[in-house]
Each structure stands twice: as structure tokens, then as C-alpha cells.
Amino acid sequence: MLLRQGISLLFIIYVKFVDCYPGEEKHDIGTLAGDVQNWAMLIQNYILQLASDGIKRDLTQSYLDQANYTYEKKNGEEIVQKVKLTLGDYFSKKKRAAERLAEKVREFHDDFLRSNSSINAKVLKDIDERIYRDSDIPSRLPDDIIFNPYFRQGVSLKQSSIKLPDEVPRNDRDVINTVYFTARLEETFLKNAKDDPLLRWQYFGSTTGVMRLYPGREWSTNFAGFYNDYDARIRPWYIAATSGPKDVVVILDCSLSMKGEKFSIGKAVAKTVINTLTKQDYVNVICARASHWDEVGKWHFYNTESLSCVQTDLVPATNSHRKDLIEKIDKLKAGGTSELQKGFEQGLDLLQNPRTGCQSLIVFATDGIDTDGEDVRCGPGYYTRSGYVPGPICKYNYSDVWELVLNRNKHLTPPVRIFSYLIVEDAELFPGNLSCRNNGSMKKLMTGENLISQMSNYFEFLSANAMSSEALWTSPYLDAWGLGLMLTHAIPVLSRITGKYIGVVGIDATLDEIENFLTKHQWGSVDSFLINDQGETIFHPRLKPSKKLLDDPIFTPISLLEQDSNGNPSEFSTILRDMIAGKTGTIRIEKAKGGKPRNYYYAALNNSEYSFAFSLADTDMEFRRSQEPLDRSKYDESYYNLLKEYKGRLLKEKFPGLWKKIDIRENEKKRYPGLRITYKHSTIFLAPKTHCDPTKYMYNDDLAMKTYEAHIWINGNQTDLGCESGKQKFNKGVRADVLITQPIEEIWRTRDFESINQIKWTNVGLRSGVFRTYPGHRSSRGYDPTKRPWYKRTSSAPHKTSISTPYMDAAGVGKINTISQAVFEGMTPKTDQECEVFKGRPLPGGCKCDLDSDCMTKVCYLSKAPGPNADHRRCSTERVEAVTGLDILYDDFQNKTMGSMQASDFRKSCSQVYTCRDGEPGCETRCYLFDSSAKLVMDPDFLLANNLDKSKYTGVTLGRKEGEVMKHLIYEHGFIKRNKDMDFQGSCRISPLAPKVTLEGIPKTPEESDDYYRNRGPIPKFHSEFGCIQDVISFSTVDDKLGSSGMITGNVSGPCMSGFYYVTALPKTNLYLLVIEDWQHYRETLFYNFNCKITRSVVNSGAYRIINGTCAHEDDMTSTLAQRGKCPMLKNITMPCTYTAANQSSVSHFLLVTVILLTFLIKF
């Protein structure tokens, strides 16, 4: 007893003096504070010296300061009116083309009916090729198919082609007649294309399944070489145009009797219905079942539930809600009883308050049987002397459901129609009676194949019941034919003779062109955005480019992009209400998102459901445009980036001997493998936005002519009239930027300093989209320097030298870091009197200054700009005109920075291993550089990372490597701030990301990337990534928390490691130095170390999928479409509906009695 008490006392004493586990001993102070401060200055000096020697930003700045500028007063209201006219005309042309085509379809169809004629051909192949060209039959393809960059594939601009769904009989008489009369549309197709060069696909989808498409094309194939199926009648543009808005509830029998193939078919029915809904529809899905006991008395809990994240209401059938419902349907498993009354109660509750009020529909999938077998009992059972007696087998009286639905349906407006699908079984009584008594229809399904055809009663009803002739613009979607994100203007066509639908006409408009309309009218810091009449964002600079979307987009509410989570600035809500209402106006917000004043100018587009807005800063009210130098004699020739073309026939003929002067080198394996470069010159790349017609530029594959025209322009003397003149291909000011930056070429070429061999590329990207790079080489066709991370990062903090995290070079030379600096718009000198009014406040550009802190931009320098105080330092202008930088191989960057960090005692230098303070071996000094987003820029482990595994070195957060330190910096010091945002256009993966094993078959150089879209083979429909809604977690640093000492220190001990850390800034850069002294890694085999990964993950940035993220898509509409008079007229057709009145058990009894009687009669 005494011994036990003694041990307890010793343990208490031990716990009192040691408040952590073994291996977690804390050290109160470190010994490297002075060294860390010194290291930070050494690394900063190295970076600044490298930038000074390699980039020569001061010289580029001097060129801009000495340039001539013109001043333009900008009027936001005039810009809005101008865009409204041009973009409105763009939509109007599409609308007119669709109306012309629809009228011709009606005319040709009715003419064919009046003539009471029928084509002599009995089969399609007998029809003349001038009338019938088939996208699925190689021998029937148009003869003149050639690759067209506007369509990104081979097409015929002289003839249309026919596409038939797989299940449509090719020799059906109606099909043949439709092919025949639609052949007369050729002339209309050609006229539309001539009148509007920006027109893309034109097509007519017939009720027979025939689709005629212009321009004609060969259909896409799968990997097996078979043509992909396509049925226009189930495409959203067709259904939206013919069926009108509707409220749909899908009730799925989830009982145990449905287990297996039956449940797979039932789920496929539900998904088919959901996939054919559009944004104008409302929907919810109910999984109907109830709890039960089993044969041994065990209780199994199941509940009837609505699958949408909104349980008690219908949700709009947007892409996000449809994806959410389909995913939840896929996860359902059969189980529970066939007690379905509660399911119909919930469905009718949802339709009690319809959202459209136009049509109410229930789609019901069931096996119809009235029992669930031996495993499902409707009572708990009981014990007797003989043993356990199971509860009774469930048997359901469906008459209660019939009466419930019939009675409640009498009071619904509009009344609900029920479409039942009996799966596999012969129990027609329950679903048949339910549908027929409620103006619906029932069909039996034996398989889940070709459900569109098997569910023809539902789809034919949708297209037959609505009397809609209203045209509509669809939501943006990814084109099935390869043109990216687009809108369709769809018009249903009704016969004047029969009053029935003939089909739907469609005319497409691409989002690329709409974006170009908006961005070409931007300048300075101006932003623009486009929304629909539901407040969903179609285009915004913060959204992903349409080319990067994985599938049909989930649209972000504009309020999330222009307001914070608390709805500030509140003034934007007024803008949003006005835009949704189609109003034109102007509102100034003193503290817009971002903290600075912005002026919003907005208007609605005529003939569409869209509104757009421009957002201007105060500095954008006056626009300065650089002018070409008056004396061109001291400016050398500039060369376009497509070096290969200078050795081609056209340019050799136009510029004899020029290719020799450029001295093009190919495939220099040591420095630039696989690339064409020139050491003698820089090259000029002109981003798509520098062109008057970016679309034409992007898809123009005549590279020789493209190079010739660019070379002539950038070196020419013709007057720069701008795109408005209609006489040139490049925006005003592009050539001026090329000329102003030309002198830097010689400086870059002749520089000589210690680290010159570490530098791969040096470049300057200007706000206009002009990009000059040395050594000269090719850039990818769609490259835009102003959209690159290094440009945005430097522009956001222009007073600092910015260093990127490591990344794989776009030109293919390896793992690099970019060091970049901002170049400001040429200085606007101000007199002392003009600057006097800012006394006591930060000074604007052009005012005399002594320190960086005197200026608004925090940049004070000696400028070569003329004017007052030319011999004194002056503040830079507020606007960033360019970003200039260099790319250095990561290995060289790390070796240089790590080599700078030698401890004064020569014992605890970075990466040096030594004996711990407690005498144990294995302690180390760990050193990292991280940026203002808490992402690692330098980590010793990056050196060992495989270049192909980007996840190991690109965008790695501090928390992923040193979670304990990150947690301290966030929650104890407040130095790192956690930010949360929502991405409605996120990318999720079916399987975890795996590193590439090889780059074979993947575009590695700009030339290969440009050619990829043209030369790639068939692409399978399956891919590992899919669109989803995500929470996006990011971090930002708060410099004020560094305190007066400029350093944060702390002792950390956790499940992963322990040590004493130091954090200090490299103040003239975007970097911070983290040093961990006595860093000791804990083995993950210890019993408490399973928390190590958790500790790191909770402080890691990234995008995380939100399962019910669709709930963020709020629909605040308070009135129905019916109340607003926007429903189409309905025919209220009577559906044919039949079923066998006997249920399954009755049929079984009948068969048994019949067999007995027959046996008796035969016997006697």
C-alpha cells in the first residue's frame, strides 16, 4: 500500500513539473535571432541585386517616363451606351437569323403538306446527295469539308448535314419526308452566314428526330470509332422551347423490393427527367419508403425524404441543383417498406405551392408490387413456448394512396399529372390506376437502355401540351460540338395547318465573343461583368475563363463577387435590383469590395435577358495613352514570336535575308530543349486582346500570314487609327508599346553579371497585352501576360519585388521561380503648389518626395520625366503600366539562398544537423521562404521533388509542411489571416490526383499546345475531373503583427515536431523567412502521433467540395410565372392511359386456378 502511494506521489510530482509528453519538451528562448535578421537581409539583397542586374526595371521605367502621352476624358455613361448598342446588335442579329430560319421551316413544311406530296425514295440512301448529306455516314459527308478555325474542326461552308438519333428508324416515311423538305433551308443558312460573319452553328431539330445542321460536319466518335449518339429532342434548348416552364416532383420507390436491377432502372428514370430540365423549371426528388422489422425482430429505420438541400420546397433546375440531385440519387440504396403514402403526401405538399404555376407533374418509378417479401415485417414479432414468431409480412392497400392523391389533386392549381413507370414486374394496378385517374400515363420498363425512347409518353406530352411559340435564350452551356461555352436562341416552330410542333430552330452565340465585346472597352483598372435576369454571373474577371470549364457551368451569384459575406457594400444591392429589372443607371460606391471608391455604370441589353456593368476607379476617368516616339531612327526592328515562320517561304520572299539576321537556334538541348530561340533579339508576342478581332486571331491557322502582318505593323509607319476605323487589325497603342520597350533588348542582351547563367527568360508584359521576352521564343496562342499570376501579384503590391512559388515553365525549360517588379505609367509631374493640398497625407504621382512612405504608391524615385523638380526624387504614378521580370531555375535560386544562411556559431546553419539541447541526436535548423499568401517559395524538399509532380512544389502552403508553426501564426499571433470564399465553378476529382509518369503525348512547348486542339484524337466523355461547388480556403499575412522588432518568435511542440521558430519579413519583397531552431521530427509510430496529418490539414489552404453547396443558390422570387402572366397556353390534352386491373397476387391466383381447372378438364 505504501509502495503504491509512493509511486502515485512521484507521478504527481512528475506531472507538475513536466506538463507535456516525452518528446514535447519546450524551450523558452532561441539563439539565432540575430542570425535570422541577418539572413533575411542577405537574401533580400541577393534578390534585389539579381533583379537590378537582370531585369533592369529602372531603364524600362525611364522609357515610359520619357514617352509622350495623350489624355482622354472617359465618360462611363457613353461607354455603356456604346456597348449596349454594339452588344445589343450582336444579340439582335442572332435573333433575326433564328426568326428567318423558323419562318422558312414553317413555310417549307406547310408547302409540303399542301402539295400532299411524298418523295419517291423508299429509303434514305436513295435520296439525291444534293438533298441528303449524313454526318454519320462517311460516304454521305459533304465533299468540301476542310478545317475551319472558327469551328475548330472540319466543316462544309457550302452544305448542311443530317444527324439522326440511333433509335430513329432511318427509313421511316416521316424521317424521309423531313430530310426532303428541310433541304430547302440551305439558301437560308447561307444567307444568315453571309449577313452575320460572327454566326456559328445554325440548326433545326425536328419532332421526328431529324436534325439539319449548318455548316455540315462529320460527327464526333468515341475511342472505338463509333459515332456518338445525339437526339436534339432531349437537349435542353429543345425541351425549354417546346415544353415551357414546369414544376416537377420525382417520386422514387426506394423499398427493398426494388433492390438490384429494378432500382438501377428507377434511378435512371429519375436522372433522365432531371437531365432534361432547364433553368426555367423547378424540381425535387423524393425517396419514398418506411421503417420495418425483419424476420428475427430487428428494427430497420428508414424515412421518406426529399433529396434536395431544400427539404420543403421545389428548387430551380439550375446546373448546380441538377448535379446535386443526381449525385444523391446515385448514392441511394434500396431498403425499407413499400409504404408510399408519405412520399405522395410530401410530393403534393411541394406542389401545393408551385414555383412556376404553369404545369405540375409527378414522375413515379416503382415495381408496383404490394409486398416486400419475407425480410420485411410490419410488426415486431413475439415469443411463444415454441420459439420466436416473426411479425406479419407487409401487404399494402394502395387504395389509400389513390384516394389521397385524387382528393388533394382537386384543390391544386394547376392540377398535377402523374406519369408512372412500372419497372420489370407485372403489377400494373397501383401505378396504372394512379396515373389514369390523374390525367397521366403509365408505361412499363424492362431495361434502363434508351430511356428517352421508352419514356416517350412523358416527353411527347411535354412537347405536345404547351402552345409555346415564344423564343428564348438558354443558359450558357458547353457546346456538344466543340465551340466551348455558348448561348442558344431557340424558337419553337408550329405548323399553321396542323397547329402542331414541327420542331425547334437554334442559333448559337459563343461566350468568347461576348467577353471580347466587354473587355475591348476596358482600360486602366476598369472591370466589367455580365449577368442574367436572375442575378447569375455570366462573365466576370474573377471567374474562370470559359475555356477552362469542365462541364456546363454552375453560375455564381454576382453578389458573392461584388459584396462580402455580410452584404457590404449595401449599395451594390441597389445596382443588382436595377440590373435584374432591366434598368440603366449610375451609382458610386465609396467603399467597394477591395476598399476603394468605384463608379458603377450599368444597362440592360435589348432583345435578351442580360445586363452588363462597368466598374471604374476615380483614376480611370482620365486615360493616358502612350504615343509612338517621334524620332524612330534610334529604334531597331522588332520580331514577332513565331520564329519558325521567318524561315518559311512567305517571309523569306517578303524579307530576304532577315532569317539569317535573326539567327534562329533550334533545340539547344542544354538550355532550351525542343525550342526555337534567338540570342540576338527579343521577340514580341501580342495577346488576343491586342487584336481588333480576338476570335479571328485565336483560330487563324495561317501562321505565315499572321507573322507577316504582325511584323509589318509593329515595325511600320502607317497611322495608328485604332479598331474603330475598321482598317487595321490591332488596337490603338499596341505599336507604341512595342517601340517604347524596344531599347531594353540591347540592355538584356549585353548584361553581364555573376548570376547571368541562372536566368532562363527575361520579359516585360504591358497592360495592353504586348509581351517582350528574351531570348526570343514562341508563346502559346492564348497567352496573356496580364492574366498570369506573376503579373497580378506584382500589380497588387507594386512597391515590392515579387517572387513566385516554383512552377513548371510554360515554355518547357523546367522548374522555375519568377522575380518581377512593377513599371508605372509615365510620370505626371506636379508643381509644389499642386502637391501642397496633400500636405500631411500620402502624395500622388509626380510630387516631390524623400522616402517611399511619402507616396501613395510607396515608390519614390529619381525619374527622367521632364517638368518641375526633375532633379529631385518624385512619387510614381498610381497606375501600373507593365510588369517586368526574369525566370530563374529553382535549383539555382535555392542553392544561393540556402548558401546565405550560415550561422555565426557555424553549428546551427540551415539544414545542419546537431545534438538537441536534451542531449538527444537528430535536431536540425529548418529554413523556409514563404510569400504573403503563406505559400512556400523555398523549401529544401523542393529540390528533390520530381518536376512532373507539381503538387510537391507548386502552391504548397506553410501549413502543409509545418502545421504547428502555421497554427501559432494564425491563432496566437494573428500574423496569418484565414480567408474563406466560395467557388461555384470549382473542379473536383473522382480519383486522387496522381503525378505524371511521362510527358509523352502531352503538349510540352507552346508550338505543341497551339497545335493540340487541331491534331488531338477523339476525346472520351469520361474524365476524372468534374465541376462542383467548393469552399476555397486561402491565407494572407498581416505585416503589422510583426511588431516593432520586425520578428515573431515562439516555441512550438505538437504531434509532428517541436522547435523554436523565428519569422521575419524581407520588407522590400513579398517574402518572409521562417527559421526553426532545434527542429525535431516526431515519429508517426508513437501512439499520439496520428494527429500529425490532422494538425497540418486544418491549416492548409485549398478548395474543398461542399456537398450541399447548392443551398447557397438562393431563389428569392416571391411570385409564380403564372401570376406574372409568363406561362405558355396549354392544350390540356387527354393522355391515353390503360393498365391491367389485376395486381400481381391476383394474377398469380388466377393462373393457379386456371391451371387446376385445365388439369381437371384434361383428366376427365
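- For the protein chain, the name recorded in an unreviewed UniProt entry is VWFA domain-containing protein, with Patella caerulea as its organism.

1. Thoughts on the overall build of the protein chain
Piece 1. Tallying secondary structure elements over the protein chain gives 32 helices and 48 strands in all.
Piece 2. For the protein chain, the proportion of its 1164 residues judged to be buried stands at 53%.
Piece 3. Pairs at least 24 residues apart make up 71% of the contacts formed inside the protein chain by residues separated by at least 6 positions.
Piece 4. Total accessible area on the protein chain stands at roughly 52,300 Å², and carbon and sulfur atoms take up 53% of it.

2. Comments concerning the sheet that holds strand 2 (residues 146-148)
Piece 1. Reading across from one edge, 2-3-7 is the order of the three strands in this open sheet, with antiparallel pairing throughout. In the strand order of this sheet, the two ends are held by strand 2 and strand 7 (216-217), each with one partner.
Piece 2. The pairing of strand 3 (residues 153-156) with strand 7 spans two bridges and is classified as antiparallel. In the strand pairing of strand 7, V155 is matched with R217.

3. Quick look at the pattern of salt bridges
Piece 1. Evaluation of the coordinates by the stated rule reveals 66 salt bridges.
Piece 2. Between E745 and R749 there is a salt bridge whose closest N-O contact spans 3.3 Å. Taken as a pair, E745 and R749 lie in helix 24 (residues 744-750) at a separation of four residues, close to a single helical turn.
Piece 3. Here D1078 makes a salt bridge to K908, at a shortest N to O gap of 3.3 Å. Pair noted here: D1078 is in strand 47 (residues 1071-1081) and K908 is in the loop between helix 27 (890-900) and strand 40 (913-914), with a separation of 170 residues, a long-range link.
Piece 4. Judged by relative accessible area, D1078 falls into the buried class, the value being 3%.
Piece 5. Salt bridges sharing partners connect three or more residues here, namely D620, R624, R767, E825, R879 and E881.

4. Side note on the state of the cysteines
Piece 1. A full pass over the atoms with the stated rule returns 10 disulfides.
Piece 2. Each disulfide pairs two cysteine sulfurs, and for C254 the partner residue is C287, the sulfurs being separated by 2.2 Å. You can see C254 sitting in the loop between strand 8 (247-253) and helix 8 (261-275) and its partner C287 sitting in strand 9 (residues 282-288), a full 33 residues away along the chain. As far as burial versus exposure is concerned, C254 and C287 are alike and both buried.
Piece 3. Disulfide pairing places C910 opposite C927 at an S-S distance of 1.7 Å.

5. Brief notes about the packing of helix 10 (residues 341-352) against helix 11 (residues 399-409)
Piece 1. It is at 10 Å that the axes of helix 10 and helix 11 come closest, and there the two elements cross at 10°. Classified by the angle between their axes, helix 10 and helix 11 sit roughly parallel to one another. The residues of helix 11 that touch helix 10, namely those facing Q341, F344, E345, L348, D349 and Q352, are D400, V401, L404, V405 and R408.
Piece 2. Of the residues belonging to the contact of helix 10 with helix 11, the class tally is five nonpolar, two polar and four charged.

6. Digging into the packing of helix 4 (residues 76-114) against helix 15 (residues 511-519)
Piece 1. Packing of helix 4 against helix 15 leaves a shortest axis separation of 10 Å and a crossing angle of 165°. Between helix 4 and helix 15, the crossing angle belongs to the class labelled roughly antiparallel. The crossing of helix 4 and helix 15 is right-handed. Along its contact with helix 4, which presents V83, T86, L87, Y90 and F91, the element helix 15 presents E513, I514, F517 and L518.
Piece 2. Looking at the contact of helix 4 with helix 15 residue by residue, the class counts come to seven nonpolar, one polar and one charged.

7. Remarks on the environment of R778
Piece 1. Mapped onto the fold, R778 is located in the loop between strand 33 (770-774) and helix 25 (789-796).
Piece 2. The buried category is assigned to R778, whose relative accessible area is 13%.

8. Comments concerning the pairing of strand 25 (residues 585-589)
Piece 1. Residues G585, I587 and I589 point to one face of strand 25 and are all buried, whereas T586 and R588, pointing to the other face, are not buried.
Piece 2. Taken together, the five bridges between strand 25 and strand 26 (residues 598-604) define a ladder with antiparallel strand orientation. Looking at strand 26, one finds that I589 is bridged to R598.

9. With respect to the side chain of D620
Piece 1. Note that D620 resides in the loop between strand 27 (610-616) and strand 28 (622-626).
Piece 2. On the basis of relative accessibility, which here comes to 0%, the residue D620 falls in the buried class.
Piece 3. Only 2.6 Å separates the side chain of D620 from the side chain of S525, close enough to count as a polar contact.
Piece 4. In terms of polar contacts, D620 uses its side chain to reach the backbone amide nitrogen of A617, at 2.9 Å.
Piece 5. If we ignore the near neighbours within four places in the chain, the residues touching D620 are K74, W523, G524, S525, V526, R598 and R879.

10. Digging into the packing of aromatic side chains
Piece 1. Across all of its chains, the model carries 38 aromatic pairs by this definition.
Piece 2. Each ring, one from F189 and one from Y214, has its centre 5.6 Å from the other, and the planes form 10°; the classification is stacked. Of this pair, F189 sits in helix 6 (residues 186-195) while Y214 sits in strand 6 (residues 211-214), and the two are 25 residues apart along the sequence. Across the pair, exposure class does not vary: F189 and Y214 are buried alike.
Piece 3. What links up through ring pairs into an aromatic cluster is the set F344, F364, Y396, Y398, W402 and F430.
Piece 4. The residue whose ring lies beneath K652 is W659, and the NZ or CZ to ring-centre distance is 4.6 Å.
Piece 5. Over the aromatic face of Y672 sits the side chain of K760, whose NZ or CZ is 5.1 Å from the ring centroid.

11. A look at the sheet that holds strand 23 (residues 527-532)
Piece 1. The sheet built from five strands is open, its strands ordered 24-23-27-26-25 with antiparallel pairing. The open sheet has two free edges, formed respectively by strand 24 (537-539) and strand 25, since each of these has just one partner strand. Across this sheet, the average inter-strand angle for adjacent strands is 25°, counted without regard to direction.
Piece 2. Relative to strand 27, strand 26 runs antiparallel, the two being bridged by six bridges. Across the sheet, residue A604 finds its bridge partner in strand 27, namely S611.

12. Quick notes on the pairing of strand 23
Piece 1. Most of strand 23 sits out of view: five of its six residues are buried.
Piece 2. Relative to strand 27, strand 23 runs antiparallel, the two being bridged by six bridges. Of the residues in strand 27, the one forming a bridge with L530 is F612.
Piece 3. As defined by bridge partners, strand 23 adjoins strand 24 across two bridges and the pair is classed as antiparallel.

13. Remarks on helix 29 (residues 963-971)
Piece 1. A large share of helix 29 lies buried, amounting to seven of its nine residues.
Piece 2. Restricting attention to buried positions, one finds in helix 29 the residues G963, E964, V965, M966, H968, L969 and I970.

14. Side note on unusual backbone geometry
Across the chain, the bulk of peptide bonds are trans and the bulk of non-glycine residues have phi less than zero.
Piece 1. With omega at -5°, the peptide bond leading from T413 into P414 counts as cis.
Piece 2. Assignment of secondary structure puts P414 in the loop between helix 11 and strand 17 (416-423).
Piece 3. Across the junction of N568 and P569, the peptide omega takes the value 0°, indicating a cis bond.
Piece 4. By the secondary structure assignment, P569 is in the loop between helix 16 (558-562) and helix 17 (571-580).
Piece 5. Positive phi outside glycine occurs at V424, with the angle close to 70°.
Piece 6. Looking at the element boundaries, V424 is found in the loop between strand 17 and helix 12 (429-436).
Piece 7. At N869, a residue that is not glycine, the phi angle is positive and equals roughly 60°.
Piece 8. One can find N869 in the loop between strand 37 (860-861) and strand 38 (874-875).
Piece 9. Residue N869 is classed as buried on the basis of its relative accessible area, which comes to 18%.

About the criteria used
- Residues numbered from 1 in each chain as written.
- Predicted model: local features only at pLDDT ≥ 70, side-chain atom pairs only at ≥ 80, totals over all residues.
- Heavy atoms only, no water.
- Helix = DSSP H or I, 4+ residues; strand = E, 2+ residues; numbered from the N terminus.
- Buried < 20%, exposed > 50% of the residue type's maximum accessible area, 1.4 Å probe, protein only.
- Contact = heavy atoms within 4.5 Å.
- Areas by Shrake-Rupley, 256 points an atom, 1.4 Å probe, with all protein chains shown as cover.
- Pairing = 2+ DSSP bridges.
- Salt bridge = Lys/Arg side-chain N within 4 Å of Asp/Glu carboxyl O.
- Disulfide = S-S within 2.5 Å.
- Axes fitted to C-alpha atoms, helices over the stretch in contact; angles between N-to-C directions.
- Parallel < 35°, antiparallel > 145°, perpendicular 65-115°, else oblique.
- Nonpolar A, V, L, I, M, F, W, Y, C, P; charged D, E, K, R; others polar.
- Left-handed = near helix turned anticlockwise from the far one by under 90°.
- Polar contact = N/O pair within 3.5 Å; in protein donor to acceptor, adjacent residues only side chain to side chain.
- Phe/Tyr/Trp six-rings, centres within 6.5 Å; stacked < 30°, edge-to-face > 60°.
- Lys NZ or Arg CZ within 6 Å of the ring centre and 35° of its normal.

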